[in-house]
Amino acid sequence: MPPATTARRLPRRAAAVLTGLALAATGLTGALAAAPATAATAGASAAADTPVRVNQLGYLPDGPKRATVVSSATAPLAWQLRNAAGTAVASGSTTVHGADAASGQATHLVDFTAYGTAGTGYTLVVDGRASHPFDISAALYDGLRADSMSFFYQQRSGIPIDASLAGAAWARPAGHLGVAPNRGDTSVPCQAGVCDYSLDVRGGWYDAGDQGKYVVNGGIATWQLVNSFERAHRAGTDAALGDSTLKVPERGNGVPDVLDEARWELDFLMRMQVPAGKPMAGMAFHKVHDAQWTGLPTRPELDSQQRELHRPSTAATLNLAATAAQCARVYAPYDAAFAARCLDSARRAWAAAKADPNVLAPGTDSTGGGAYDDTDVSDEFYWAAAELLATTGEAQYRDAVTSSALHTAPADAFWWGGTATLGRITLATVPGVALPADDLARLRGRLTAAADGYLATMAGQGYAVPIAADGYVWGSNSSVADDAVVMAVAYELTGQQRYRAGALESLDYLLGRNALDRSYVTGYGENASENQHHRFWAHQNDASLPHPPAGSFAGGPNSGLQDPVAAEKLAGCAPAACYVDDIGSYSTNEVAINWNAPLAWLAAFAAEHPGGPQPTVPAVQVTPASVTVPEGGSAAVAVRLSAAPAQDVTVTVARTSGDTDLAATASLVFTPANWATARQVTVSAAQDADTANGSALFTAGGTGVGAGSFTATEADDDTAPPTAACTVAYKVDNAWGTGFTATVTVRNTGTTTVNGWTLGWTYPGDQRITNAWNAGVTQTGAAVTARDAGWNGTLAPGATAGFGFQGSYSGSNTPPTRFTLNGAACS
């Protein structure tokens, strides 16, 4: 079953899993009963035995080399890096980090980046305790690059899995080709009332541990595989993903193997398109799977259930449009006919989605498979338009991109239900995109700003992870990997090594430097997962079946404990420790195509042996890039450098243009030791009698650094805004520690219809909104702006619209008391 999502990515699937999978098979009860008594404490006992946490695969010679030590010592500890012979080759003292919120552990940090000699069997010894052995090698990720891609071949439907490619243990006949006892997928009927015909939807990848096939999850996974090649091609390293480099049956056909693998899914996605002449022609069916949840274990070729097509959806249609448009661009040099077929499919899908923009998959459609429901498809529209624009350069797609509110919004985290940042990545990186230079510069700036946010999150933790302590929910490992992709994109855009380091340290976490001292990738690391939830790779359930193959990626810690095994064995766990390597724990230990896709993307990125360009001079970085200053008050921006300067540098902050009522002056000295420490600069707005919200541009620069800038806007208080006919209800639904979720409902109390709404408020405290649903929400300083999502933009008299969000705070979480609707105050 596919993932629900992290706290930043609104959960949409877990309920279906709870009600469906737990009852799917009598075999599950047997697995629980037969599980060894030590399974519940496997992670905890490993952590106690090996408090020195490293990437169990190893480190690149030119990459960061950091480790975490679990220790309550309040003073630094001595460490030694020892080679395979036991000889100390480097030494130093730990840095005391202290309490790590996500793991609940007291931690120290070790940094041995300066040591770059290649070798095998290294161990890190701290206070007499040794880590797992690891390597230092430029070829470190070559095997993972191939094995993480082999996962997709072994998840293929409709083709025999060949022992010569996959290994004898994982070979199997083709599944779901209509050969008894299978009933499909060569002629699959619709659910009752959906259509009156059957469709050939053979092929594609099984989605996860189940054997359903979902267009919206297939879309993001396909995009990441193709984007991995597209990025490598720009970098000049695509030969490593070229023909005969991967374990696929098409090797030797003159087409890069990663594109051969993605084509298997692309063909399926296009088969899911409603044929011409049928109702809703051009739309894509949302999914196909068994009528009831498939039992565990079930080999694909032995599945006897009826398969069903589920109602088309706008989200699925736009996933098809986006991936098919990407296909048309990337496959053209290798198969012009296939590329043309992709583009035709993409155009038809786009036109169909425009004609039916609100065909939403219902959350109740969760019998036999996940609902994958999504109530906001504005992000899918933006993504599809971006891909079509990058491929065709046509004005209709450029207009769709530039008219979207998402085009100027910050780059948010991406997942299957939030795909806008996939479009941003394409627009920012594909050469020759037909957008103005300032649009492209803003997009690239938003992506690097998002990467900076992930680096800041990593810097505050005992284990360098780009997700916060409240982000350990269903599929948390995929969130880590997706965030690392954004950091790698920022590295491509800037050449700044800190972004590459962030992506590589995210792999460190996934491969063992974590709260459980566990590698979440089968076959990689001494203490690696091997019992991921799967219908065929089910050795723990049935000894005649194999463990998952090397390169399979577990979903990871999930503090929701949304399966019976997790609920029984992990009660009271710290968020980052809520994981158990048990086949029954589908909410922590399942595999999924959209989880392995970013792992494969990152492995290919990390396996590129050249270290890449170094920045010639450090750049001044200012966050946020724009700030609102209350009249008569002040706000702050943070200034730091992007890299260490060769010597001390002075950065001067001054207004260069704009409203003279706004002021900020500072002279900051950065040294080679403190360049990464952000300095606060105060921006003030003078009290005056005018009613204008003036703005000014400020520059931060100096000799030996690249200049940065920011914009300040005054929030004038001299004239009260007009009163609107509206009321607003602001409700905190849940609060914990320093985080909360809230719901806002606006009601039109007037006599005329509101066509498009923008709601504004200012927080009295330091609340920061981190993600939102059913509205586009941005924040500058304490000021928040929420815009309708398109589908909910019309408010008839008496009607309401609601949206929700997640935020963080420190101190008090006092709700706002004043709201404006389209600039006018609500009563």
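This text goes with the structure placed above it.
Note that this is a predicted model, so its numbers are computed, not measured.

A. Spotlight on the environment of Thr 426. Tracing the chain through its elements places Thr 426 in helix H12 (residues 420–429). Sequence-wise, Thr 426 and Gln 224 are 202 residues apart; in three dimensions their C-alpha atoms are separated by 11 Å.

B. Broad picture of the packing of aromatic side chains. This structure, assessed with the given rule, holds 33 aromatic pairs. Ring centres 5.3 Å apart and planes at 80 degrees place the aromatic pair Tyr 59 and Phe 134 in the edge-to-face group. In this pair, Tyr 59 sits in strand S2 (residues 58–59) while Phe 134 sits in strand S10 (residues 134–136), placing the two residues 75 residues apart along the sequence. With respect to burial, Tyr 59 and Phe 134 carry one shared label: buried. Ring geometry for Tyr 520 against Tyr 579: centres 5.0 Å apart, planes inclined by 85 degrees, an arrangement best described as edge-to-face. Within this pair, whereas Tyr 520 is found in the loop between helix H15 (497–510) and helix H16 (564–569), its partner Tyr 579 is found in the loop between H16 and helix H17 (586–589), the two being separated by 59 residues in sequence. Among the residues examined, Tyr 520 registers a relative accessible area of 0% and is labelled buried. For Tyr 579, a relative accessible area of 3% gives the class buried. Each member of the aromatic cluster is reached from another via a ring pair, and the members are Tyr 730, Phe 740, Trp 757, Trp 761, Tyr 763, Phe 803, Phe 805, Tyr 809 and Phe 819. Over the ring of Phe 338 we find Arg 263, and its NZ or CZ is 3.7 Å from the ring centre.

C. Local environment of the pattern of salt bridges. Under the defined criterion, the tally for this structure stands at 27 salt bridges. The partner of Arg 500 in a salt bridge is Asp 62, with the nearest N and O atoms 3.1 Å apart. One end of the pair, Arg 500, is in helix H15; the other, Asp 62, is in the loop between S2 and strand S3 (66–70), and 438 residues separate them in sequence. Judged by its relative accessible area of 39%, Asp 62 falls in the partly exposed class. Ionic pairing is found between Asp 142 and Arg 145, a salt bridge with its closest N-O pair at 3.5 Å. Taken together, the residues Asp 142 and Arg 145, both in helix H4 (residues 142–154) and three residues apart, mark about one turn of the helix. Its relative accessible area of 25% is what places Asp 142 among the partly exposed residues. Looking at Arg 145, the relative accessible area reads 14%, which means it is buried. Within this structure, Asp 185, Lys 213, Asp 290 and Arg 307 form a network of salt bridges that share partners.

D. Region of the structure containing unusual backbone geometry. Looking along the chain, the bond that leaves Ala 180 and enters Pro 181 is cis, with omega of 10 degrees. Here Pro 181 shows up in the loop between helix H5 (163–166) and strand S11 (188–189). Here the bond from Leu 296 into Pro 297 is cis, since omega is -5 degrees, no more than 30 degrees from zero. Looking at the secondary structure, you find Pro 297 in the loop between strand S15 (287–290) and strand S16 (307–309). Here Met 280, not a glycine, exhibits a phi torsion of approximately 65 degrees, which is positive. Within the secondary structure layout, Met 280 lies in the loop between helix H7 (257–271) and strand S14 (284–285).

E. Just the nonpolar core, in detail. In terms of nonpolar packing, the biggest core is built from 156 residues, with Tyr 141, Leu 309, Tyr 331, Trp 350 and Leu 427 touching the most fellow members. Not counting the four nearest positions on each side in its chain, Trp 350 is found in contact with Leu 318, Ala 321, Phe 381, Ala 384, Ala 385, Leu 388, Gln 396, Tyr 397 and Ala 400. Counting residues in hydrophobic clusters, the runner-up holds 26 residues, among them Ala 742, Val 754, Leu 821 and Cys 826.

F. Examining H12 more closely. Most of H12 sits inside the fold, with ten of its ten residues counted as buried. Taken residue by residue, H12 has Ala 420, Thr 421, Leu 422, Gly 423, Arg 424, Ile 425, Thr 426, Leu 427, Ala 428 and Thr 429 as its buried positions. Turning to H12, the residues buried within the fold contact helix H6 (215–235), helix H8 (314–330), helix H10 (378–392), helix H11 (395–402), helix H13 (437–459) and helix H14 (476–494).

What counts and what doesn't
Residues numbered from 1 in each chain as written. Predicted model: local features only at pLDDT ≥ 70, side-chain atom pairs only at ≥ 80, totals over all residues. Heavy atoms only, no water. Helix = DSSP H or I, 4+ residues; strand = E, 2+ residues; numbered from the N terminus. Phe/Tyr/Trp six-rings, centres within 6.5 Å; stacked < 30°, edge-to-face > 60°. Buried < 20%, exposed > 50% of the residue type's maximum accessible area, 1.4 Å probe, protein only. Lys NZ or Arg CZ within 6 Å of the ring centre and 35° of its normal. Salt bridge = Lys/Arg side-chain N within 4 Å of Asp/Glu carboxyl O. Core = buried A, V, L, I, M, F, W, Y, C linked by side-chain atoms within 4.5 Å. Contact = heavy atoms within 4.5 Å.

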